[in-house]
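One-letter residues, chain by chain:
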Amino acid sequence: MTSAGSNNEGSVPVQPLIDSAHATDGQMLKEGGDGNETGAAEKQAPPAALLRLRALAAHRWFWPTAVLLGYLAQLAFRLSLSIHNYYPSVHADEDGYLAIARVLAGRPASEMPTGVIIPGGYPLLISPALRIADNPATAYHLIMGINAVLNALVFPLAFVAARRLGLGRPHAFLAGTAVALFPPVIFYSQFVMTDAVLPVLLLVWLIGMHGWLSPGSLRRRSLHAVAMSLAAGYSMATHDRGGVVVALTALVLLVVLAFGWAPRLSSAVGIGALGVAFLGVKLLASYVTGQFKDVPGAGVGNKVFDNLETRKFLGTIIVRTFGELWYFMISTYGLGAIAFVLCVVAVFQRRFPVAERVVAFCMVAMLCGTALASAAGLADDNRVDNWVYARYCAVLVPVFVVVGLAVLFRAGTRSVLRLAGVGAVVLVVAGLSVTEYAGSKLNVWIIPWAVPDAQFLASTWDGLHMGRTTIGALAVLAACLLLRVAGGRRVVAAVVGCLTIFAAFATVAVTDNVAEPHSKTRKYESVGLAKEAGIGKDDSVILDWDLPWGTRMSLAFEVYQGRVWTSNVKHGNTPPEQATAMLLTYPKPKEDVAKDAKGKEVEPKPESSWEKPLPGWHVAKYSAERGWVLWRKG
């Protein structure tokens, strides 16, 4: 990132990460073959309307108001996509976060659907919804609102990041608008998932890091160091990926302190803030663990290292790492590939200032580290989508796309084409490594929710078609580059405007064809069964181990004020004293089933679902078609 020190930004000098698009006198340069100065642009009298707009933009209140209105527009767009959702459908991720949010809201603990303790930072943010609402549907609506409020913060933060890359306010506004509308940014916020807030935390982290390492007063740099450390700490409290963020932050703080790249007092302040944040993470984890005393920790880190040390998984891990990088790059329409190449170059080029080099290193390390850790953690899982696992790297889409758009705005034509060419090669090679290694393993059905961007770019909502997806992503990038080369820098604003419309269209298409169908197919197990069986929010329900997995996950939230247990009561386990109901699977016909006088097989009765029922329990409702029997006590 580049310090945008002009225009009321104090005395921070402009240090371009990319060749400047302006001459020293502020005039726009003509576009040469290499983007260097070929003379000042001919002066033309601007239209009267443009003069009036410039006069309006000169007011101090204009840009803060514009950013606020842009944020509200982003918020409204997100609410239009998700506010109607009222039940979880991504099991068991949503169910686990809801279970933790429940106890953080002051409600009694229920069963942990995931079977392991997961970080409580995101549940803490959504817990007010469960404290306010008196039923699960209202609580879920409120959580969708909280997600939208948090996720829409990507826009103003992307605006700030673009300013630090040297873009003027109008171009930064355009870039921020486009970035905030990309499908990977919005898609996961339509569910109760950490990915609604993690992109925001990572933007704060990198902006804070850049501000700390850029020239400025000690107070300003110390505040940026605190923001960086606190964002890193809360990302760790939010998801296991945050552990990589904290490790990188600690490394940067120690290296900068040792080499004196920033005032040592500001570095010490950052270290202190990181320590406080880390302590807060541990205290929150300890509290959550205390509410679920019999539930073990997730142990994700141990599994990652165990799989990395297992020789038979090494090939799979390497290829899947490439697959995740491929998906990340196609989901950014190739702009992420351009940014990736530029960041790698910046790390090894001393002509870039320290702030840019360190931030570039952290971006590359975070992307590659996340891809590698994810591939290693899922190495023994044979699901098709794990070859290109989309979700974990998606949180880095905003910052990489901001850098990619800055290249279009500021770099010369040859620089743009070189970066795009190398990026395209990296993208294609990463994709080919997966198709060659996995082969026919990719030619099976895949859940659309796992690869929404790939299916959109391939123009099909069925299967994973890596070749067609690659062509689709490169076609979008090629269109942007063609216009950029043909029209020079003066058309970049229009190109980004078109990209904004395309990103919004893609997000709506992914919502209509992936998010909503995914949710609808899980409606019965999430809310339909409870309604049909008469299970209320105050019930305390025992769940049979043989029930469908999605049903067991969903009822942990639907039983809103009571609680659930999963227990094999029908085979001898003692029901908890406070249980009011028990949901069992409907009995299946035995092999030697009896027949009636007409020779028809006699259907088993719902009472046979529990061969030795305890006194006081009776069958209340059942559905042979749906395969469940509800027993009640009393």
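Heads up: the structure comes first, above all this text.
Heads up: these notes are all about the structure in this document. (Residues numbered from 1 in each chain as written. Predicted model: local features only at pLDDT ≥ 70, side-chain atom pairs only at ≥ 80, totals over all residues. Heavy atoms only, no water.)

### A closer look at the overall build of the chain
Thought 1: Regarding its fold elements, the chain presents 24 helices and five strands.
Thought 2: Taken over the C-alpha trace, the chain has a radius of gyration of 27 Å; the compact-globule value for 634 residues is 26 Å, and the two agree within 12%.
Thought 3: Principal-axis analysis of the C-alpha atoms places the extent of the chain at approximately 100 × 55 × 50 Å.
Thought 4: Buried residues in the chain amount to 55% of all 634 residues. (Helix = DSSP H or I, 4+ residues; strand = E, 2+ residues; numbered from the N terminus. Rg over C-alpha atoms; globule rule 2.2 N^0.38 Å. Buried < 20%, exposed > 50% of the residue type's maximum accessible area, 1.4 Å probe, protein only.)

### Details of the side chain of Ser 609
Thought 1: With respect to the helices and strands, the residue Ser 609 is situated in the loop between β3 (581–585) and β4 (617–623).
Thought 2: Polar contacts involving the side chain of Ser 609 include one to the side chain of Trp 631, which spans 3.0 Å.
Thought 3: The residues touching Ser 609, leaving out its near neighbours within four places in the chain, are Lys 570, Leu 584, Thr 585, Pro 587, Val 629 and Trp 631. (Polar contact = N/O pair within 3.5 Å; in protein donor to acceptor, adjacent residues only side chain to side chain. Contact = heavy atoms within 4.5 Å.)

### Looking at the pairing of β3
Thought 1: Burial analysis of β3 places five of its five residues in the buried class, which makes it a mostly covered element.
Thought 2: Of the two faces of β3, the one holding Ala 581, Leu 583 and Thr 585 and the one holding Met 582 and Leu 584 are both buried throughout.
Thought 3: As judged from the three bridges shared by strand β1 (residues 541–543) and β3, these two strands associate in the parallel manner. Residue pairing across strands places Val 541 opposite Ala 581, the latter belonging to β3.
Thought 4: In the sheet, β3 pairs with strand β5 (residues 628–633) via five bridges, with the strands oriented antiparallel. (Pairing = 2+ DSSP bridges.)

### A word on the nonpolar core
Thought 1: Formed by 165 residues in total, the largest nonpolar core has its most connected members in Trp 205, Met 209, Trp 212 and Leu 405.
Thought 2: Setting aside its immediate chain neighbours within four residues, Trp 205 contacts Met 228, Ala 231, Ala 232, Val 245, Leu 248, Thr 249 and Cys 362. (Core = buried A, V, L, I, M, F, W, Y, C linked by side-chain atoms within 4.5 Å.)

### A few points about the packing of aromatic side chains
Thought 1: Counted by the stated rule, this structure contains 26 aromatic pairs.
Thought 2: Geometrically, the ring pair formed by Trp 63 and Phe 173 is tilted, given 6.1 Å between the ring centres and 55 degrees between the ring planes. Of this pair, Trp 63 sits in helix α2 (residues 62–82) while Phe 173 is found in helix α7 (residues 169–180), placing the two residues 110 residues apart along the sequence.
Thought 3: A ring pair is formed by Trp 326 and Tyr 327, whose centres lie 6.1 Å apart and whose planes are at 75 degrees; its orientation type is edge-to-face.
Thought 4: We classify Trp 326 as buried; its relative accessible area is 0%.
Thought 5: Judged by relative accessible area, which is 2%, Tyr 327 ranks as buried.
Thought 6: One aromatic cluster is present, formed by Phe 182, Tyr 333, Phe 456, Trp 461, Phe 502 and Phe 505 through successive ring pairs.
Thought 7: Across the ring face of Trp 387, the terminal group of Arg 320 is positioned such that the distance to the ring centre comes to 4.4 Å. (Phe/Tyr/Trp six-rings, centres within 6.5 Å; stacked < 30°, edge-to-face > 60°. Lys NZ or Arg CZ within 6 Å of the ring centre and 35° of its normal.)

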